[in-house]
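In case you want the letters, here they are:
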Amino acid sequence: MRFSCPRSLSNNPRTRICEGVSRSKRSEGGCGGGRRLKDVGSDGCRRHVRRQDVFQCCASSSTTNQEDQTYNQSTTAIGSDMWDLFTEKTAGEWRGILALYDKDGRAIALPENYVDDAYKEWDVRLFDWQTQCSMKVDENGLDYKLRRLFMASGCEADSVAMTDTVQALKSSEERKSEDKTVTTSGDYSIGPRCLPQGENGEMTVEACFGRRKMDHRLRVRVHLKNHASGDLYGWRIEEVEVHKEIYQGEYVGGLDVEDFNKPVTKIEKPETYYHGALDNFWLIDSRFTYGVAEDGSLYLKEKFAGLPRELLGWDVQSDQFVPLPEGLWCCLDVSADPIGEVAWLTKEELESSEDEEAAILSIQVGWLVHEKRVLVCSREYHESGGLVTVDMAGCNFFQELV
């Protein structure tokens, strides 16, 4: 996760806390999804964050994260215990509300052809759909069908305006045993394994923060477009979907509208939440990290819960930071990264590379659960187009930025 220059407390010399900051390559007006903490010396960050501060926090912290328990199993492959726990939190029938936002976080009104005449007469603009998501999780991966329901005057919703289908977490026959980018809390990250090539390439990245209490969950779908063919710096966020959903029951392949029995509260406006709280220091205390092997398969690279290990922070003033409702946000960043850290490049390719650093595109979706807790999903792509890392982490507030 590179948006904010994470500093690991591991023994890896490349990621020691507060020692060495990757250089950042940016185009004019460029990206900048997250803060890179500069002016760092061997005695620690000059912004009053020192190595001993972090260890003291780790030792004295009483807010142990309970979201991702530690299991003996070390795989999330289909059929594993962790996959089964993910399935329990994810599969089923979900009722929800969907709202769309532009690249600046402004709500997008529903098309007029889906708005009843009674609303038009009173000049009432509608900004959210009612939805029904039928999600299936089995040995073939994840499949879901989302129905957007038309809201007629005097009724909650009486017909289907459109239907979207998504298939994800699939594997080819030779990669059946690979790990899946999921957690035991029902979180998942889905997106392409390779960036679309050519002019005006488009892609969608989705992050889900699974149900933790009251059977609610949040899903975010980020639609991106490349405005400069073949250049990572050309990627921009175009539109974002926010889904707020509540569990209705086991998967049956779709419910009728009249079968909905659990209401969903309205989606809050982005300004209801203080996203500026993100512009501080946060400690990762739970994490699922996935890498890409040489054969292209995904593997669970790291999983831990408990002892905080890294510092994060976000630049909420960046033009590539999009504030969203319910404490959600998304952002993207292009930065330099030592090419030797790209696991799926062969030794020969590493040795023949003339560049000391390679550009990395990071796409991040986060949820400010409350002022002391953040969940975040990140996907990173190499400048050659291939997926490098998928991160899903939980963070606790550590210290204000001064």
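Numbers given to residues run from 1 along each chain, matching the order in which its sequence is written. At least 70 in pLDDT is required for a residue's local features to be given in this predicted model, at least 80 for side-chain atom pairs to be given and counted, and no such filter applies to totals for whole chains, interfaces and linings, which use all residues. Each side-chain value is worked out from all heavy atoms of the structure, with water and hydrogens disregarded.

(A) Main features of the overall build of the chain. For the chain, the helix and strand inventory stands at 4 helices and 18 strands. Remark: exposure states derive from per-residue accessible area (1.4 Å probe, protein chains only) relative to the maximum for the residue type, with buried under 20%, exposed over 50%, and partly exposed in between. For the chain, the residues scored as buried account for 53% of the 402 residues in total. Every accessible area reported is derived by Shrake-Rupley at a probe size of 1.4 Å, with residue values counting cover from the shown protein chains alone. Carbon and sulfur atoms form 46% of the exposed surface of the chain, whose accessible area is close to 18300 Å². Strands here are runs of E lasting at least two residues and helices are runs of H or I lasting at least four, both read from the DSSP assignment and numbered beginning at the N terminus.

(B) Focus on the pairing of strand S11 (residues 235-249). Of all 15 residues in S11, 12 are buried; the element is thus mostly enclosed. DSSP calls a pair of strands paired once it identifies at least 2 bridges connecting them. By the bridge criterion, 10 bridges tie strand S3 (residues 92-102) to S11 in an arrangement that is antiparallel. Its bridge partner lying in S11, tyrosine 101 is registered against valine 240. Two strands pair when backbone bridges link them, and strand S10 (residues 216-226) and S11 are joined in this way by 11 bridges, in the antiparallel orientation. Bridge pairing in S11 links arginine 217 to glutamate 245.

(C) How the structure looks around unusual backbone geometry. In this structure, leucine 169 takes a positive phi of about 55° despite not being glycine. Considering the arrangement of structural elements, one finds leucine 169 in the loop between strand S7 (159-168) and strand S8 (188-190). Look at leucine 169 and you get buried, because its relative accessible area is 10%. One non-glycine residue with positive phi stands out, namely glutamate 326, at about 65°. Topologically, glutamate 326 is positioned in the loop between strand S14 (321-323) and strand S15 (328-338).

(D) Representation of the packing of aromatic side chains within the structure. Here a pair means two rings of Phe, Tyr or Trp (six-membered ring of Trp) with centres within 6.5 Å. Their orientation is stacked below 30 degrees between planes, edge-to-face above 60, and tilted elsewhere. For the structure on display, the rule yields 8 aromatic pairs. Taking 5.9 Å as the distance between ring centres and 45° as the angle between the ring planes, the aromatic pair formed by phenylalanine 209 and tryptophan 367 counts as tilted. Placement of the pair is phenylalanine 209 in strand S9 (residues 202-209) and tryptophan 367 in strand S16 (residues 357-370), with a sequence separation of 158 residues. Each member of the pair, phenylalanine 209 as well as tryptophan 367, is classed as buried. Ring geometry for phenylalanine 321 and tryptophan 329: centres 6.2 Å apart, planes at 20°, overall stacked. For tryptophan 329, a relative accessible area of 0% corresponds to the buried category. Among the aromatic residues, those joined into a cluster by ring pairs are Trp83, Phe86 and Tyr188. Two limits define a charge over a ring: the Lys NZ or Arg CZ must be within 6 Å of the ring centre, and within 35 degrees of the ring normal. Above the face of the tyrosine 247 ring, arginine 211 is positioned so that its terminal group lies 4.2 Å from the ring centre.

(E) Inspection of the nonpolar core at higher detail. Nonpolar cores are built from buried Ala, Val, Leu, Ile, Met, Phe, Trp, Tyr and Cys residues. Side-chain atoms within 4.5 Å join them into one set. Of all hydrophobic cores here, the largest spans 44 residues; its most connected members are Val222, Leu224, Ile237, Leu324, Leu328, Cys330 and Leu361. Two residues form a contact once any of their heavy atoms are found within 4.5 Å. Residues in contact with cysteine 330, not counting those within four places in the same chain, are Val222, Ile237, Val240, Gln320, Phe321, Val322, Leu324, Gln364 and Val365.

(F) Structural context of the pairing of strand S12 (residues 281-292). In terms of residue burial, S12 counts as a mostly covered element, since 12 of its 12 residues are buried. Strand direction decides the pairing type here: S12 and strand S18 (residues 387-399), joined by 10 bridges, are antiparallel. Note that in S18 the partner of leucine 283 across the bridge is asparagine 396.

(G) The arrangement of the pattern of salt bridges in detail. We count a salt bridge whenever a side-chain nitrogen from Lys or Arg sits within 4 Å of a carboxyl oxygen from Asp or Glu. Per the counting criterion, the structure on display carries 17 salt bridges. Taken together, the shared-partner salt bridges connect Glu206, Arg217, Arg219, Arg221, Glu241 and Glu245 into one network.

(H) Molecular detail of the environment of serine 185. If you trace the backbone, serine 185 turns up in the loop between S7 and S8. Residue serine 185 is classed as buried on the basis of its relative accessible area, which comes to 2%. Counting along the chain gives 25 residues from serine 185 to glycine 210, while the straight-line C-alpha distance between them is 5.7 Å.

(I) The confidence of the model for the chain, seen in detail. Counting all residues, the mean pLDDT for the chain is 75, and 69% of those residues have values of 70 or more. The pLDDT value tells you how sure the predictor is about a given residue, anywhere from 0 up to 100. Scored below 50 in pLDDT, residues 349-354 shows 4 contacts in the model against residues more than four places distant or in partner chains.

(J) How the structure looks around helix H2 (residues 81-90). Buried within H2 are the following residues: Met82, Trp83, Phe86, Thr87 and Thr90. The arc enclosing the buried residues of H2, seen along the axis, measures out at 145°, which places them on a common side. Just downstream of H2 lies glycine 92, where phi reads positive at about 140°. It is the directions from the helix axis to the C-beta atoms whose arc is reported.

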